[in-house]
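Tertiary structure, described
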Amino acid sequence: DSADAGAEASSSRAASSSTAKAHGALLVAALIYSGHNILAARCLREGVSPIGFSVLRELASIALLYGWAAALEGPPSLPPRAHRARFALLGALLAAFQLCFAVGIALTDATTAALFQCIEPSTAAVLAALLGIEPLSAAKVLSALLAGGGVLLLQAGPRSQPDPS
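First, a word on scope: everything that follows refers to the structure included in this document. (Residues numbered from 1 in each chain as written. Predicted model: local features only at pLDDT ≥ 70, side-chain atom pairs only at ≥ 80, totals over all residues. Heavy atoms only, no water.)

**A word on the overall build of the chain**
Using the following cut-off: The secondary structure listing takes helices from DSSP runs of H or I that are at least 4 residues long and strands from runs of E that are at least 2 residues long, numbered from the N terminus. Accessibility here uses a 1.4 Å probe with only protein chains present; expressed as a share of the type maximum, an area under 20% marks a residue as buried, one over 50% as exposed, and anything in between as partly exposed. Contacts are assigned to residue pairs that have any heavy atoms within 4.5 Å of one another.
Helix and strand counts for the chain stand at six helices and zero strands. Starting at the N terminus and walking to the C terminus, you meet the elements of the chain as α-α-α-α-α-α. Expressed as a percentage of its 165 residues, the buried residues of the chain come to 15%. When contacts within the chain are restricted to residue pairs at least 6 apart in sequence, those whose partners lie at least 24 apart make up 63%.

Encoded structure:
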């Protein structure tokens, strides 16, 4: 019946539009993160402390994110009391991640840091399996090995020195 076909086509267009928006948002996020890697490498190469860089970046992002969230959804509220310890742990882990990432960029370059980001999805899959959160499949193991091998292969080639300007 034509009414069902019209409803199905409309639903398909909405799903396609939603997917396009999601892919667009992810592409913008990847571009921002890539720009962040380049800017971070330059700042850290010019003598900015990795700890200072991490602290200032997080403070700026807190202010921007709070303003954005308040504008879109009203003032954010605290999570339920039962989950606050988990949020504190996640905050500590994120801070450790950001600091290690800044130190890694300071000791290498933006490209190397970006290469290591390529292994995050497969590393997360393996870690989730080790913690008993998600099942481990042969495809996940293979993806971890291929991603890690790809990073090692790219790092094995000749290294160029970053432009100091």
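Okay, back to it.
**Brief notes about the packing of aromatic side chains**
Filter applied, for reference: Note on ring pairs: Phe, Tyr and Trp rings are taken, using the six-membered ring of Trp, and paired if centres are within 6.5 Å. Classes follow the plane angle, with under 30 degrees stacked, over 60 edge-to-face and the rest tilted.
Evaluated as defined, the whole model comprises two aromatic pairs. Residues Tyr-33 and Phe-101 carry aromatic rings whose centres are separated by 6.0 Å and whose planes lie at 35° to one another, so their mutual orientation is tilted. In this pair, Tyr-33 is assigned in helix α1 (residues 2-45) and Phe-101 in helix α3 (residues 84-107), connecting sequence segments 68 residues apart. According to the relative accessible area criterion, Tyr-33 is partly exposed, its value standing at 29%. Put simply, the rings of Tyr-33, Phe-97 and Phe-101 touch in pairs and so form one group of aromatic residues.

**Structural notes on the side chain of Ser-122**
Looking at where Ser-122 falls in the secondary structure, it is placed in helix α5 (residues 120-130). Contacts of Ser-122, omitting those with residues within four sequence positions, involve Ser-143, Ala-144 and Ala-147.

**Considering the packing of helix α4 (residues 110-117) against helix α6 (residues 138-156)**
For clarity, the threshold we go by: Lines fitted to the C-alpha atoms define the axes, with helices restricted to the stretch that makes contact. Angles between their N-to-C directions range from 0 to 180 degrees. Should an angle fall under 35 degrees it is called roughly parallel, over 145 degrees roughly antiparallel, and 65 to 115 degrees roughly perpendicular, with every other angle called oblique. Should the near helix be turned counterclockwise from the far one by less than a right angle, the crossing is left-handed, whereas a clockwise turn marks it as right-handed. Here the term charged refers only to Asp, Glu, Lys and Arg, the term nonpolar to Ala, Val, Leu, Ile, Met, Phe, Trp, Tyr, Cys and Pro, and the term polar to all other amino acids, Gly among them.
Between α4 and α6, the shortest axis-to-axis distance is 9 Å and the interhelical angle comes to 160°. When the axes of α4 and α6 are compared, the pair comes out roughly antiparallel. By crossing handedness, the relation of α4 to α6 is classed as right-handed. Across from Thr-112, Leu-115 and Phe-116 in α4, the residues of α6 making contact are Val-151, Leu-154 and Gln-155. Grouping the amino acids of the contact of α4 with α6 by side-chain chemistry returns four nonpolar, two polar and no charged.

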